[in-house]
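Chain by chain, the residues run as shown.
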Amino acid sequence: MLLQVSHLQKIFQTRFSKEKTVALQDVSFSVEEGEYIAIMGESGSGKTTLLNTLATLDKPTLGSVILNGQDLTIIKENKLAEFRRTHLGFIFQDFNLLDTLSVRDNIFLPLVLGRQKVRIMEQRLEKLVPKLNIADLLNKQPFELSGGQKQRVAIARALITQPELVLADEPTAALDFKNSEGLLALLEEINDTGQTILMVTHSAIAASHAKRVLFIKDGRIFHQLYRANREASKFMQEISMTMTNLLGTEVR
Amino acid sequence: MFYVKLASRNIRQSISNFLPFGLSSVVMFLMNLMIATILFSPSLKKLPGAGNFAMLLGLGLTVLTVFATIFMIYSYRFLLKRRTKEFGLYNILGLKKRHIVRISILELMMMFLATVVAGTVLGIILAKFLYLFLIHLIGESYFDLQWSPLAVGIVTAIFACIYLLLMIISNISIHRQSSLELLKNASKGEKEPKSRIILALLGLVSLAIGYYLAVTVVSPLDALTKFFIAVLFVIFGTLLFYMSFTIWLLKRQKKNKNYYYQPKHFITVSGMLYRMKQNAVGLANITILVTMTFVTLATTVGLFSSINGFLGDYFLRNTLINVNTTQQRSIEFIDQVAEKNGLALNNKIVYELSNRLTGAMNDGRFENKQNLANLTAVNFMTADTYTQLTGNKIHLRENETIAYPAVGRFHESNVRFWNHTFKVKEKISEIRNFPSTSMMASNWLILIVNSKEQIQPILDDASKAAGNRYKMGYDTTISADLTAKDAKKFQKVLSYYRVNGNDPIKRINDSETKIEQDDRGEAKTIAGMPPTFERYDDMHEQMTSFAGGFLFIGLILGFTFILGTALIIYYKQISEGEQDKRSFEILQEVGLSKDEVRQTIRSQVLLVFFLPIAVAVVHFGFAFIMIQKLISLFGTTRFNLLLLTSIGTIAVVAVIYYLIYKQTSRAYYRIVER
């Protein structure tokens, strides 16, 4: 087992009011190595809080997140950045590329921060380039790229550290339909090479490319679907139906 | 009315944008008002040397006005840039550009009124305070600084012009942009700047020329003429330096992969490179302002602080009497007059020099040319006089001389006057009981020769070359200590006598000929000159008032320059903070810890902090050579004191600069870490 999330709880409380907002409530699930999981939910369902907790950007109120035997919730503050850099890869909704760096340097960024040797950085990049089809982009500046290209670069940056887990936050939200399709196909391919991916999304199309979909609402996970060997389009129908049911019936 | 409401609401709501602009406006107004108030104050005329002082103030006011104009434009463009989005929104929501322009003009008018009111009120309060300070510097107590409506009126008019200019700028820039452009943020992507080797070379060459001009200055007057040319070259060179050379350097660092791909260098180098193009101008401005602050303060502080030393060098005793004839006749005459009037001259030092030859010294050849660049005054001294002053015996052959360059440099092995050539046997750096400085702006060279027989032919040739109708000869300087009462009386008595070389000394009945040392017109010389009379105390008072006034203006200008620097740095920090905010968020998500972020920011900030200071110090190092010469124009030649005051000034300015940087960096951190 790669990732074990157990009894996660997150309560937000503003300093001056007694009102508490429960963002996550007793969330437990686990992820096997090589899995591709989508966590689906409406906005406000707690999925972003969950992702932030997994990404160590946020600390849970209760519960634990164990990645490869290490509990992320007890890592010291000053070790967190290093942990993120070495164990996790990030793909963001709005790409988060640095304008000041060329595409190549953007991809190198986490390795440079980890004081990796130049030779190794170049070797790893060489391996990624054909997979992501970014050979022509390397010497450009981020502002010269289209959204789809930017996201491919962001994926390269996430993969170059060879992370145990790639976390993707609505990776298709800023892309048009065609680019979204291409990107989702790409993520599937990457997953096929054995890379574990955890994606958060509200799009049924995006979720339908995953191997397993967890549904989250009001801070609880209460349903999951396996894709098995179905076509993405078939799987999407089931996801859509599930979502409709979820929204239709009050869970409480 | 609607627009007025909108405009005033705009100012109130985005006060954080308007505040720096308003602040710089008020401060510039205040500084101009200060100088104008003193300039138009009726008491100014009562000051000794009021003409000089008024001229200095006028110059100061001009410099400040130019500076204020440039600076206000800079601040306003910054303000406009931050508000483009707001204006774009108005445009989309249905306001015509004409209306937007009207709003911005109304805003400017409100700012103008606020500036005048706040500036005048603060000005009245500050004037009293500054006045006390000025009086302390000048050492006068009857100076009364009044609030003058005329000064307020003139400065208000100046600022009305500046604001009119701003309105035109706002009109043009709003009309030029399309509404979509207005709405879009200014954060468009930018291509990495190309390194332009030609510009880099041009910048270096320009700097080199400016520096070369500074280094090769030979005399104070030369410095005066070359100073402004050198300044222009250096300003131009600085701008090009930041625009190209630094980019080239950073690019080279980037090419070195083992250096570049290290966490600290990686972010710093790429960030600087990305920013260099847009910030070259800002950095150049800061550098030039800092250099200007250094130069202004060092010059004025140096001038002020070296008065005492200079006068100490010049006045061997508290009174100098110069008589235009030989030593023997002079002493006889002076002693006789003193005895008759019952005056006591104590601790007398007497020496005789040939009349002064003024011309150009080229490779040891004296030419009868009044060339400003290497103007040199030459006086001959006999070996006997030298021995009498110092007690040292010297032996010189007929064609030998000992050179004493009291002001300026002299390295030649031969020195030639028309067809008389002397071999320079020795060069000395001081003569005991002899002044080591002069009141002249030019270089001053003393040549010690065997006897008067070698001197007279040269004096005759000089007289012929200048077309003079009188014969050149010798004059004698008597330094002695006199009480103030005796000195006054003596000066009056002496003013009735006329002396000209070997002619008999005459006594006349009216003394109206002005007693000024350099007032040696031909007719007057032939008629005979009264002995000149100089007092330490008089000179001290005069120079203190002059240098004090100079220092006062220097301090005001220096303060304004520092303030300008502060505001530019503040603007830079704010705009960079907004640009960098996102970058640092991303860096943290990708795996840079908060501490590392802080370290990176610090190293980036320090680099930007040190670059202008370092460049400014280098600039100043070269300017120092010129300043030294320029100051000696006013009679100061003390190298060590000037060096010390300069270093002190740089240290003080650097500390202030650092404090400013620290304060404004806080603004940066706040934005980035929010």
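Because the structure is a prediction, the values reported are computed rather than measured.

## Quick look at the overall build of chain B
Looking only at helices and strands, chain B has 19 helices and 13 strands in total. Put simply, chain B has 674 residues, and 54% of those count as buried. In chain B, once contacts between residues fewer than 6 apart in sequence are set aside, the share between residues at least 24 apart is 81%. Looking at chain B as shown, the accessible area adds up to about 31100 Å², and 61% of this sits on carbon and sulfur atoms.

## Some points on the interface of chain B and chain A
In this complex, chain B contributes 27 residues to the contact, which on the side of chain A involves 28 residues. It is B:Y261, B:E589 and B:V590 in chain B that bury the most area against chain A; as a group they hold 26% of the surface buried on that side. Seen at the junction of chain B and chain A, the total is 2 salt bridges. Its salt-bridge partner being A:E122, residue B:K257 comes within 2.7 Å of it at the nearest N-O pair. At the surface where chain B touches chain A, the tally comes to 5 residue pairs in polar contact (both at pLDDT 80 or more). Looking at the side of chain B that touches chain A, the elements with two or more residues in it are α9 (257–260), α10 (263–305) and α17 (536–590) of chain B. If one sorts the elements of the side of chain B that touches chain A by residue count, α17(B) sits on top with 7 residues. Partitioned by chemical class, the residues of the side of chain B that touches chain A number 10 nonpolar, 9 polar and 8 charged.

## Considering helix α13 (residues 383–390) of chain B
Residue and element names in this part refer to chain B. With 6 of 8 residues buried, α13 is to be regarded as a mostly interior element. Looking only at α13, the buried set comprises A383, T385, Y386, T387, L389 and T390. Directly after α13, the chain includes G391, whose backbone phi takes a positive value near 80°.

## Here's the deal with the sheet that holds strand β10 (residues 220–226) of chain A
All names here are of chain A. The strand order across the open sheet built from 6 strands is β6-β7-β8-β3-β9-β10, with neighbouring strands paired in mixed fashion. Both outer strands of the open sheet, β6 (88–91) and β10, are each paired with one neighbouring strand and no more. The average undirected angle you get between the axes of adjacent strands in this sheet is 20°. Pairing analysis gives 4 bridges linking strand β3 (residues 36–40) to strand β9 (residues 212–217), with the strands arranged parallel.

## Observations regarding the nonpolar core
Grouped together as the largest cluster of nonpolar side chains are 193 residues, with contacts concentrated most on A:I107, A:I134, A:I155, A:I239, B:F21, B:F159 and B:Y163. Leave out the neighbours within four places in its chain, and B:F21 touches B:M72, B:S75, B:Y76, B:L79, B:L108, B:M111, B:Y163, B:L166 and B:Y571. Core analysis: the next-biggest nonpolar cluster, separate from the first, contains 29 residues, A:V27, A:F92, A:L214 and A:I216 among them.

## With respect to the pattern of salt bridges
Scanning the entire structure with this criterion turns up 15 salt bridges over all chains. For A:E170, the salt bridge goes to A:K47, with nearest N and O atoms at 3.7 Å. In this pair, A:E170 sits in the loop between β7 (165–169) and α6 (177–192) while A:K47 sits in helix α1 (residues 47–54), placing the two residues 123 residues apart along the sequence. Measuring nitrogen to oxygen at the nearest pair gives 4.0 Å for the salt bridge that ties B:K254 to A:D105. Taken together, the positions of B:K254 in helix α8 (residues 220–255) and A:D105 in helix α3 (residues 103–113) put the pair across two chains. Neither residue differs from the other here; B:K254 and A:D105 are each classed as buried. One salt-bridge network, in which partners are shared between bridges, spans B:R83, B:E86 and B:E107.

## Here's the deal with a nonpolar patch on the surface
All names here are of chain B. A cluster of nonpolar side chains, V117, V121, L122 and I125, forms an exposed patch at the surface whose accessible area comes to about 370 Å². Here V121 is to be found in helix α4 (residues 97–138). Residue V121 is classed as partly exposed on the basis of its relative accessible area of 46%.

## Concerning the sheet that holds strand β1 (residues 3–13) of chain A
If you trace the 4 strands from one edge of the open sheet to the other, you get β2-β1-β4-β5 (chain A), paired in antiparallel fashion. Since the sheet does not close on itself, it has two edges, and those belong to β2 (20–31) and β5 (70–71) of chain A, each with one partner.

## Some thoughts on the pairing of strand β10 (residues 474–481) of chain B
All names here are of chain B. Buried residues dominate β10, accounting for 7 of its 8 residues. Sheet analysis places strand β1 (residues 319–323) next to β10, joined by 5 bridges and oriented antiparallel. Opposite V323, over in β10, you have T476 as the bridge partner.

Thresholds applied
In every chain, residue numbers begin from 1 and rise along the written sequence. All chains are assigned letters beginning with A, and all ligands numbers beginning with 1, in the order in which they are written. Selection of residues for local features in this predicted model requires a pLDDT of at least 70, selection of side-chain atom pairs for listing and counting requires 80 or more, and totals for whole chains, interfaces and linings are taken over all residues. Excluded from the side-chain calculation are hydrogens and water; included are all heavy atoms of the structure. Under the DSSP-based scheme used, a helix requires at least four consecutive residues in state H or I and a strand at least two consecutive residues in state E, with every element numbered from the N terminus. Buried, partly exposed and exposed residues are distinguished by accessible area as a fraction of the type maximum, computed with a 1.4 Å probe on protein chains only: under 20%, between the cut-offs, and over 50%, respectively. A contact between two residues is defined here by any heavy atoms of the two lying within 4.5 Å. Using a 1.4 Å probe, the Shrake-Rupley method yields the accessible areas, and only the shown protein chains count as cover for residues. Note: buried area is the sum, over both parts, of the accessible area (probe 1.4 Å) each one loses when the two are combined. Any Lys or Arg side-chain nitrogen found within 4 Å of a carboxyl oxygen on Asp or Glu counts as a salt bridge. In protein, a polar contact means a hydrogen-donor-capable atom and an acceptor-capable atom, both N or O and within 3.5 Å, with residues adjacent in sequence counting only if both atoms are side-chain atoms; elsewhere, any N or O pair within 3.5 Å suffices. Lys, Arg, Asp and Glu make up the charged group, whereas Ala, Val, Leu, Ile, Met, Phe, Trp, Tyr, Cys and Pro make up the nonpolar group; the residues left over, Gly among them, are polar. A pair of strands is treated as paired once DSSP finds two or more bridges between them. Only the stretch in contact is used when a helix axis is fitted, and all axes are lines through C-alpha atoms; the angle between N-to-C directions ranges over 0 to 180 degrees. Take the buried residues of types Ala, Val, Leu, Ile, Met, Phe, Trp, Tyr and Cys, join any two whose side-chain atoms come within 4.5 Å, and each joined set is a nonpolar core. For patches, a residue must show more than 30% relative accessible area and have no salt bridge; joins then use 9 Å for like charges and 5 Å for nonpolar side chains, namely Val, Leu, Ile, Met, Phe, Trp and Tyr.

As far as function goes, none of this settles anything; it's purely spatial.
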